[in-house]
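What the coordinates show
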Amino acid sequence: MAETHVLFVEDDDVIREATQLALERDGFAVTAMPDGLSGLEAFRADRPDIALLDVMVPGLDGVSLCRRIRDESTVPVIMLSARADSIDVVLGLEAGADDYVTKPFDGAVLVARIRAVLRRFGHASGGRPGNGEPEPQHIGGVLAFGDLEVDTEGMEVHRAGEHVALTPTEMRLLLEFSAAPGTVLSRDKLLERVWDYGWGGDTRVVDVHVQRLRTKIGQDRIETVRGFGYKLRP
């Protein structure tokens, strides 16, 4: 089996070298770059399986680099930040990142988060049936909700006949909603099913991804149920 190739962009020499060694000990192939511009060049040249981007790197900051990567690819991206405040987290997620890790981090925790992201990118989750709500219309492998069509076999989404480009994380999130239309899914449950966080995690990840999904499939398609979570309108 080929090694998983990680692009790691970090300007701190000590952190970059120590993290690279730790990842390589766990069987990853690592390309480590000290700034955003060299990171972008490495991404285009090597096409890694996953990118780890520090928010505060020179030349092209991590958030801008994430946007550039997302313009070209759906490769999973994890942001690294020395701060866990809302601005850093939300900016990174809105730029297209799939997850974030706060520094300082334990090497084993980082490896676990990388593997969790790679697992959910490797195969989609089908979800669970709804409870007494109207069933979505099935046409072959397609679920239809008004003008929204979700192809659960081809992993494609169309809205009013137009193709909707989703990242793998957004697709997994939509599949969870589509499998249980009208059923409220809590943030913790979505973290468990989509992000593979059986131990819990930051629910801001869910909120930002729901907002990103809404902009693509329609703001009124996913309803917020205050105090409980979200549900897809059948």
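Look a little higher up for the structure.
For every chain, the first residue of the written sequence is number 1, and numbering continues from 1 along that sequence. Given that this is a predicted model, residues contribute local features only at a pLDDT of at least 70 and side-chain atom pairs are listed and counted only at 80 or more, while totals for whole chains, interfaces and linings are drawn from all residues. With hydrogens and water set aside, each side-chain value is computed from the structure's full complement of heavy atoms.

As for the overall build of the protein chain
Secondary structure elements are taken from DSSP: a helix is a run of H or I of four residues or more, a strand is a run of E of two residues or more, and numbering for both begins at the N terminus. From N to C terminus, the protein chain includes 8 helices and 12 strands. When the 234 residues of the protein chain are sorted by exposure, 48% land in the buried category. If you take every contact in the protein chain between residues at least 6 apart in sequence, the share linking residues at least 24 apart comes to 60%. Of the roughly 10,900 Å² of accessible surface on the protein chain, 50% is carried by carbon and sulfur atoms. Buried residues are those whose accessible area, probed at 1.4 Å on protein chains only, stays under 20% of the maximum for their type, while exposed residues exceed 50% and partly exposed ones sit between those limits. For this analysis, residues touch if any pair of their heavy atoms sits within 4.5 Å. Method for areas: the Shrake-Rupley scheme with a 1.4 Å probe, in which residue coverage is limited to the protein chains shown.

Focus: the environment of Val-111
Looking at where Val-111 falls in the secondary structure, it is placed in helix α5 (residues 107-122). C-alpha separation for the pair Val-111 and Leu-23, spaced 88 residues apart in sequence, amounts to 7.1 Å. Leave out the neighbours within four places in its chain, and Val-111 touches Leu-23, Asp-26 and Phe-28.

Observations concerning the packing of helix α2 (residues 36-46) against helix α3 (residues 62-72)
Note on method: axes are straight lines fitted to C-alpha atoms, helices fitted across the in-contact stretch only, with angles between N-to-C directions ranging 0 to 180 degrees. Orientation of α2 relative to α3, taken along the N-to-C sense of each, is 20°, at an axis distance of 10 Å. What the angle tells us is that α2 and α3 run roughly parallel. For the element pair α2 and α3, the recorded crossing hand is right-handed. Seen from α2, the contacting residues are Gly-36, Leu-40, Phe-43 and Arg-44; seen from α3, they are Leu-65, Arg-68, Ile-69 and Glu-72. Charged residues are taken to be Asp, Glu, Lys and Arg, nonpolar residues to be Ala, Val, Leu, Ile, Met, Phe, Trp, Tyr, Cys and Pro, and polar residues to be all remaining types, Gly included. When the residues that make up the contact of α2 with α3 are grouped by side-chain class, the tally is 4 nonpolar, 1 polar and 3 charged. Angle categories are assigned with fixed cut-offs, so that under 35 degrees is roughly parallel, over 145 is roughly antiparallel, 65 to 115 is roughly perpendicular, and the rest are oblique. By the definition used in this description, the sense in which the near helix is turned from the far one sets the handedness, with an anticlockwise turn below a right angle giving left-handed and a clockwise turn giving right-handed.

Considering the pattern of salt bridges
Salt bridges are counted wherever a side-chain nitrogen of Lys or Arg sits within 4 Å of a carboxyl oxygen of Asp or Glu. Taken as a whole and assessed by the stated rule, the structure comprises 15 salt bridges. Among the ionic pairs, Glu-10 bridges to Lys-103, the shortest N-O distance being 3.0 Å. Here Lys-103 lies in the loop between β5 (99-102) and α5 and Glu-10 lies in the loop between β1 (5-9) and α1 (13-25), a separation of 93 residues in the sequence. Here Glu-10 matches Lys-103 in class, with each residue buried. The shortest N-O distance in the salt bridge between Asp-26 and Arg-115 comes to 3.9 Å.

Quick notes on the sheet that holds β5
Whether parallel or antiparallel, the strands of a sheet pair through hydrogen bonds between backbone atoms. Paired strands are those between which DSSP finds at least two bridges. Overall, parallel pairing links the 5 strands, which are arranged β2-β1-β3-β4-β5 in an open sheet. With one partner strand each, in any of the chains shown, β2 (29-33) and β5 form the two edges of the open sheet. Averaged over all neighbouring strand pairs, the angle between strand axes comes to 20°, with direction disregarded. Here 4 bridges tie strand β3 (residues 50-54) to strand β4 (residues 77-81), and the two strands are oriented parallel to one another. Across the sheet, Leu-52 pairs through a bridge with Ile-78, a residue of β4. The sheet strands contacting α2 are β1 and β2, and the helix crosses β1 at an angle near 165°.

Things to note about the packing of helix α6 (residues 168-179) against helix α8 (residues 204-217)
When two helices pack together, their arrangement is given by the angle between the helix axes and the distance between those axes. Closest axis-to-axis distance for the α6/α8 pair is 10 Å, and the angle between their directions is 85°. In terms of axis orientation, α6 runs roughly perpendicular to α8. Touching Thr-169, Glu-170, Leu-173, Leu-174 and Phe-177 of α6 are His-209, Val-210, Arg-212, Leu-213, Lys-216 and Ile-217, all from α8. Tallied by class, the residues present in the contact of α6 with α8 amount to 6 nonpolar, 2 polar and 3 charged.

Re the nonpolar core
We call a set of buried residues a nonpolar core when its members are Ala, Val, Leu, Ile, Met, Phe, Trp, Tyr or Cys and they connect through side-chain atoms within 4.5 Å of each other. Ranked by size, the top nonpolar core spans 49 residues in total, and within it Leu-53, Met-79, Val-150 and Phe-177 carry the most contacts. At 6 residues, α8 tops the list of elements feeding residues into this core. Leaving out residues up to four positions away in the same chain, Met-79 has contacts with Leu-53, Val-55, Gly-62, Val-63, Cys-66, Gly-92, Ala-97, Asp-99, Tyr-100 and Val-101. If you look at the next biggest cluster of nonpolar residues, it comprises 15 residues, including Phe-8, Phe-28, Leu-80 and Ile-114.

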